[in-house]
2 protein chains.
Amino acid sequence: MDAIDLSHHLSPIAAARTPSPLKSLMKYMSVDGMISLSGGLPHPSLFPFVNIEAEVYSPGIYLPSNTSDSNSELLRFKIHKNGRANGQVVDLASGLQYAPTAGHPWLLQYVREFVRAVYQPAYKNYDVLMDDGSTDGWSKVVNLLCEPGDYILLEKYTFPSTQAMWVPMGYKGVALEMDVHGIRADGLEATLREWDTTHPGVKRPHVLYVIPTGQNPTGCTMSISRKQEIYDICVKYDIIIVEDDPYYILQFDSYKLPTIANGHAVPPPSYDETAFLDSLVKTFLSIDVQGRVIRLDTFSKTMAPGNRLGWFTCNPLFAERILRATEVTTQTPSGWSQSIISELLHAWGPGLGGYLRWLSGLQSQYEIRRNWMCDAIAKEFDAEQEGDKVIVYGKGTRVKLLSFVPPQAGMFLWCKVHLSENKEYNSLKGVFEEPEMAFEQKLWQEIVDAKVLISPGRFYAAWEGKDKPRNTAERDIVLYRLAFSMTTKDNVDLAIHRLAGVLHRSWELS
Amino acid sequence: MDAIDLSHHLSPIAAARTPSPLKSLMKYMSVDGMISLSGGLPHPSLFPFVNIEAEVYSPGIYLPSNTSDSNSELLRFKIHKNGRANGQVVDLASGLQYAPTAGHPWLLQYVREFVRAVYQPAYKNYDVLMDDGSTDGWSKVVNLLCEPGDYILLEKYTFPSTQAMWVPMGYKGVALEMDVHGIRADGLEATLREWDTTHPGVKRPHVLYVIPTGQNPTGCTMSISRKQEIYDICVKYDIIIVEDDPYYILQFDSYKLPTIANGHAVPPPSYDETAFLDSLVKTFLSIDVQGRVIRLDTFSKTMAPGNRLGWFTCNPLFAERILRATEVTTQTPSGWSQSIISELLHAWGPGLGGYLRWLSGLQSQYEIRRNWMCDAIAKEFDAEQEGDKVIVYGKGTRVKLLSFVPPQAGMFLWCKVHLSENKEYNSLKGVFEEPEMAFEQKLWQEIVDAKVLISPGRFYAAWEGKDKPRNTAERDIVLYRLAFSMTTKDNVDLAIHRLAGVLHRSWELS
């Protein structure tokens, strides 16, 4: 089954793009014996690079089941300027030349195979093209689909940088209610059903931006049944879904409070590719029978952000329009990033095998970090598991301070602070119209003074326009996002110890 | 002297950009002892790269005065993941992490020093920030300055991809007449002076896009006196000048027809840094006392296009607005490109010395290629020098076929074909309203059939809107662009031989 016609979603600018006339010469270049004097290409003999050699980890190095010496686990590959020795899949003469806008051919083919095997798109003629990471990807999607006056459907809390892209263009967000599984289907349906009543004369939104796995900032992961409900509504109301999924691979087992105070290790499972793939929640792409999902993937979290390398998966019409826009903006991702990632994936071959092993190991490493943080909280406070949630009381008290849903993916713990038993907060209630906002800033400053930097929840509120307040939290609640990705165990222990000190003092429990 | 206030040139979208709230946390990260749980950064221990090692040419390898064995001229540098051994200026742990939007600090400082030493900007508080190459740079400038309804001042012939950026936005070009020194000052002045008469009610253009050195496609280079004339007019009419100068360093001595038929070598000069710098034509930046020049530089022609790395030099207000736009689009150029280029420049140090030597050698290499092409034409036809021009006659005849100004910079030979003595062309005159267009395509096809690919001049005509014809050539003239950058001597000899065959047959001279 092929994608349906969704061309009416294109912005006027995206629809108006035409190929550069120089592209029409391309087909002649491959004619046998043709001498091209058409391209203004620098001569590769004049690139200063002769070769580069990389030393990299073996793909199994971070698997918990790996017990071998890590020093023996290094692999090497070399990229020569000319020719492709030892089965190299790229050389620097072509890898560092002007290159196809969609991406280096070998890499594109690899990524296409990854999409097929891991996401299993539900329609046939999907297309794949590289981008400069998902920030670049999203900016191109906004320009592809949106035009002045547009509203964009968003999770109630979302990544602020993606909003900073379109806020200056005058677009507005529509904040959608969330639960532990992400956007609520009933909320989305009601928003769309009642749109003409709530927004008379205003064009109904046609783009939904969603971070389905380990959502930033809430850490929640959307189940496949929720995705199906959302998808069906998007079909009914003709919505394009932008599935921005940088944390997709970082999916964890559910968290259980430790029975011993010094934490618990992840049990070392034996690696099994099929079991690994089966453990991953299905994507929007896997149920997208119409081609209305634009999926954004990135190597930022799986290889390194500095690669500035990711890819789009979408219907061929959208892909072609994005390609046209790419030609006149970024042209193509860095040839270094593409060449090095290509050779790394090749060295980890054959096929997807090595890369999937690497991803599985990475998953367990971030799961350990999630556990470090949750364990440290359990140690510094009194914590109890209550359904999906962990409820956190002042040490040796029944004063409820915090609650959170231990994330089953990603890098973030989204922490609710319960203020109703804080005397100082209660004293602000008569003084400020929004005492939560005032207290959030005060408490945040006290935490910073104790040398722990966390980010305030209000930063993540969906932007609904200047006239709409951005404090969307509940009564007597403030929110903070704690990232567990970038710490050592010692640092996270110390940070949570400091945080606990601040809270116990503020609640007058110490 | 600092830049004047030019904020009225900002597009509404550029003016409306705000920093992400997350940026407000940045200053706390450097507080001594702070533990940050604020950023969603992957942990660098989980980047798969341990180190890379590069083998590169020494900077003097391509100097004509270099007579040493090229094998002894290789340099090596290694970039470790952690720590900076042997004076490394970057490591992979930070080089591949999320990085400052303006660019890696060491590289930014290097480029700043290059700008100061080589371009000598005429005002004090200019700023420098990296981009993903000049296509990316130009797209950001268009978004910085332009809004619906805008007209952009352009060379009569210009690079089509830069137009493909803004044509879909409904902007229009204003084609400016050129001579051998580029845009004519009298034409620019007249266009602006008469604007309100020629375009009643339409906002006067406020952006001039110009490729001053080895212009694409015409190959011409603007002298400093012409730049000063153009600059003064831009001050008078409040125009922002975008100086897109990828071929700046590739400036050559003037071409003289060879006295012997098999061509001539470039005399090997002894390398002298001061003489090299003094030989370069001064930039718009060097006379920009007000900060109204945005200069685009790129490593594409000096290192390799695949780096996708270049930089803006402009006033601090524009730089800050471009930075805001970069945060939500490309974020920062590839960490691989920035790290490798940094270490290469460092290995070529100390200071700018090695890089300037490299550039000087590169210059002579492209000058040799320019000479190969001109020499081949002189060999296959009868050629005579006439002032700035070379006039080309059919071999052993006085039938004028071609004329061109041998380029003193860049990669392109812009070739006029004189049709008045072509019988077939003359027979088209009664049949077609634009016989030049018809004949250009026919002749181009014959040349392709002879297995030489060149690009038709009409591809490069400035876009002035759908209602304006794009055939701006003179009567009985067609134009082709021949790139000499990407060929070997054998190939260029063969290509020109084939081209000569086609022309002699078409003019019935053989």
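Cut-offs and rules
Residues numbered from 1 in each chain as written. Chains lettered and ligands numbered in written order. Predicted model: local features only at pLDDT ≥ 70, side-chain atom pairs only at ≥ 80, totals over all residues. Heavy atoms only, no water. UniProt positions renumbered as here; feature names shortened; annotations may be inferred. Disulfide = S-S within 2.5 Å. Buried < 20%, exposed > 50% of the residue type's maximum accessible area, 1.4 Å probe, protein only. Pairing = 2+ DSSP bridges. Helix = DSSP H or I, 4+ residues; strand = E, 2+ residues; numbered from the N terminus. Axes fitted to C-alpha atoms, helices over the stretch in contact; angles between N-to-C directions. Contact = heavy atoms within 4.5 Å. Least-squares fit on C-alpha atoms with pLDDT ≥ 70 in both. Salt bridge = Lys/Arg side-chain N within 4 Å of Asp/Glu carboxyl O. Polar contact = N/O pair within 3.5 Å; in protein donor to acceptor, adjacent residues only side chain to side chain.

In the nomenclature of an unreviewed UniProt entry, chain A corresponds to PLP-dependent transferase from the organism Armillaria luteobubalina. In its Cofactor (unreviewed entry) section, the UniProt record describing chain A reads: "pyridoxal 5'-phosphate". As its UniProt record puts it under Sequence similarities (unreviewed entry), chain A is described as follows: "Belongs to the class-I pyridoxal-phosphate-dependent aminotransferase family."

*Asks:* How would you sum up the state of the cysteines? Please name residues and give values.
*Replies:* Residues and elements named next belong to chain B. Applying the stated criterion across every chain yields a total of zero disulfides over all chains. Free cysteine Cys234: the closest other cysteine sulfur is in Cys146, separated by 14 Å. Exposure remark for Cys234: the relative accessible area of 0% places this residue in the buried category. Free of any disulfide, Cys415 has its nearest neighbouring cysteine sulfur in Cys374, separated by 9.6 Å.

*Asks:* Tell me about the sheet that holds strand β10 (residues 240–244) of chain B, and please be specific about residues and values.
*Replies:* All names here are of chain B. Here we have seven strands laid out as an open sheet, ordered β4-β12-β11-β10-β9-β5-β6, and mixed in their pairing. Both outer strands of the open sheet, β4 (127–131) and β6 (172–176), are each paired with one neighbouring strand and no more. Pairwise comparison of adjacent strand axes, ignoring direction, gives a mean angle of 20° for this sheet. Strands β4, β11 (293–298) and β12 (310–314) of the sheet are contacted by helix α4 (residues 105–119), whose axis makes an angle of about 125° with β4.

*Asks:* Please provide a residue-by-residue account of the environment of Met486 of chain A, values included.
*Replies:* When you line up the elements, Met486 of chain A lands in the loop between β19 (477–483) and α16 (489–506). A sequence separation of 239 residues divides Met486 of chain A from Tyr247 of chain A, and the C-alpha atoms of the two residues are 14 Å apart. When neighbours within four sequence positions are excluded, Met486 of chain A is seen to be in contact with Leu41, Pro42, His43, Pro44 and Gln97 of chain B.

*Asks:* If you had to explain the relation of the copies chain B and chain A to someone new, which residues and values would you point to?
*Replies:* In screw terms, the move from chain B to chain A is a rotation of 180° and a rise of 0.0 Å along the axis, fitting with an RMSD of 0.0 Å. Look at the turn and shift together and you get a two-fold axis relating the two. Closest approach to the rotation axis among the C-alpha atoms of chain B is made by Glu53 of chain B, whose C-alpha sits 2.6 Å away. The share of interface residues of chain B whose copies in chain A are also at the interface is 100%, consistent with both copies meeting through the same surface.

*Asks:* Which residues make up the interface of chain B and chain A, and what values go with them?
*Replies:* Contacts between the two partners involve 106 residues from chain B, matched on the other side by 107 residues from chain A. Joining chain B to chain A, the criterion identifies zero salt bridges. Linking chain B with chain A are 46 residue pairs in polar contact (both at pLDDT 80 or more), by the criterion used here. With nine residues, strand β2 (residues 49–57) of chain B is the single largest residue contributor to the side of chain B that touches chain A.

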